[in-house]
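# Examination of the molecular architecture
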Amino acid sequence: MNLKDNNPTASVLEFLRIEKKCYDEVLHLMDEQMLAIEQEDAKKLDAVIDKKDGIIQTAQDNASQRETAVAQLSEQGIVEIKNQAGELKTGIETVLEQIIEMENNCQVELKARKFLAQDKIIGLKQKRTLLKGYGNSQRIKPKISKNV
């Protein structure tokens, strides 16, 4: 995004609004991600994660542009931004905290499902090993004559 009419203060505020919007979208996608985990839908989970990655990349690019705009501000401009962007900053922090909490919940749920799957696999391997002993016994071949 270009600086609005060479006004870095307005640009910084716009970058903050865009960043907040991006994080709100990620928060919405977190709900979809949790739903995909609960439904054990791997394709949907991959699609949601890909969307999240794209949005987060956009937010990071936006943040770097915001930093460039902040570097162009005078001290008076920085004070003005702090006064005007307080609510946006608080909103962004709140959304990020929610995203982090939901990511942690998803991570815990995925680890639990991973351990359940591992336990099932180990159980199946043990059953298969035990069942090998109950197979058909091979016919004992005579040692004297092949016609018997």
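All of these numbers come straight from a predicted model, not from anything done at the bench.

This brings us to the overall build of the protein chain. In terms of helices and strands, the protein chain carries four helices and zero strands. In the protein chain, the order of α-helices and β-strands from amino to carboxyl end is α-α-α-α. Within the span of the protein chain, comprising 148 residues, buried residues form 25% of the whole. Taken as a whole, the protein chain presents about 11,300 Å² of accessible surface, with 53% of it coming from carbon and sulfur.

Turning our eyes to something else, we now look at the nonpolar core. Residues Val12, Leu16, Tyr23, Ile81 and Ile99 are the most contacted members of the largest nonpolar core, which totals 25 residues. When residues of this core are traced back to their parent elements, those giving at least two are helix H1 (8-39), helix H2 (42-71) and helix H4 (86-132). For this core, the element with the most residues is H1, which contributes twelve residues.

This part covers the side chain of Asn62. Relative to the assigned elements, Asn62 resides in helix H2. Residue classification places Asn62 among the buried positions, given a relative accessible area of 5%. At 2.6 Å, the side chain of Asn62 and the backbone oxygen of Phe15 are in polar contact. Not counting chain neighbours up to four residues away, the residues in contact with Asn62 comprise Phe15, Ile18 and Glu19.

A word on unusual backbone geometry. The backbone phi angle of Glu40 is positive, close to 55°, even though this residue is not glycine. Among the secondary structure elements, Glu40 is positioned in the loop between H1 and H2. Residue class for Glu40 comes out exposed when judged on its relative accessible area of 61%.

So, about the packing of H1 against helix H3 (residues 75-84). At a minimum axis distance of 10 Å, the contact between H1 and H3 shows a crossing angle of 35°. Seen along the crossing, H1 lies across H3 with a hand that is right-handed. The residues of H3 that touch H1, namely those facing Thr9, Val12 and Leu13, are Gly77, Glu80, Ile81 and Gln84. The class makeup of the residues in the contact of H1 with H3 is three nonpolar, three polar and one charged.

Take the packing of H1 against H2 next. One way to put it is that H1 packs onto H2 with a least axis distance of 9 Å and a crossing angle of 165°. Here H2 runs roughly antiparallel to H1, going by the angle between their axes. In terms of crossing hand, the pair formed by H1 and H2 is left-handed. The residue makeup of the contact of H1 with H2, split by class, is 22 nonpolar, five polar and seven charged.

Turning our attention to the environment of Thr90. Assignment of secondary structure puts Thr90 in helix H4. Exposure remark for Thr90: the relative accessible area of 45% places this residue in the partly exposed category. Linking Thr90 and Lys20, residues 70 residues apart in sequence, is a C-alpha distance of 10.0 Å.

Tracing the backbone shows Ala71 in helix H2. Residue class for Ala71 comes out exposed when judged on its relative accessible area of 65%. Sequence spacing of Ala71 and Pro8 is 63 residues, and the spatial spacing of their C-alpha atoms is 9.0 Å.

About the thresholds
- Residues numbered from 1 in each chain as written.
- Predicted model: local features only at pLDDT ≥ 70, side-chain atom pairs only at ≥ 80, totals over all residues.
- Heavy atoms only, no water.
- Helix = DSSP H or I, 4+ residues; strand = E, 2+ residues; numbered from the N terminus.
- Buried < 20%, exposed > 50% of the residue type's maximum accessible area, 1.4 Å probe, protein only.
- Areas by Shrake-Rupley, 256 points an atom, 1.4 Å probe, with all protein chains shown as cover.
- Core = buried A, V, L, I, M, F, W, Y, C linked by side-chain atoms within 4.5 Å.
- Polar contact = N/O pair within 3.5 Å; in protein donor to acceptor, adjacent residues only side chain to side chain.
- Contact = heavy atoms within 4.5 Å.
- Axes fitted to C-alpha atoms, helices over the stretch in contact; angles between N-to-C directions.
- Left-handed = near helix turned anticlockwise from the far one by under 90°.
- Nonpolar A, V, L, I, M, F, W, Y, C, P; charged D, E, K, R; others polar.
- Parallel < 35°, antiparallel > 145°, perpendicular 65-115°, else oblique.

In short, geometric facts, not functional conclusions.
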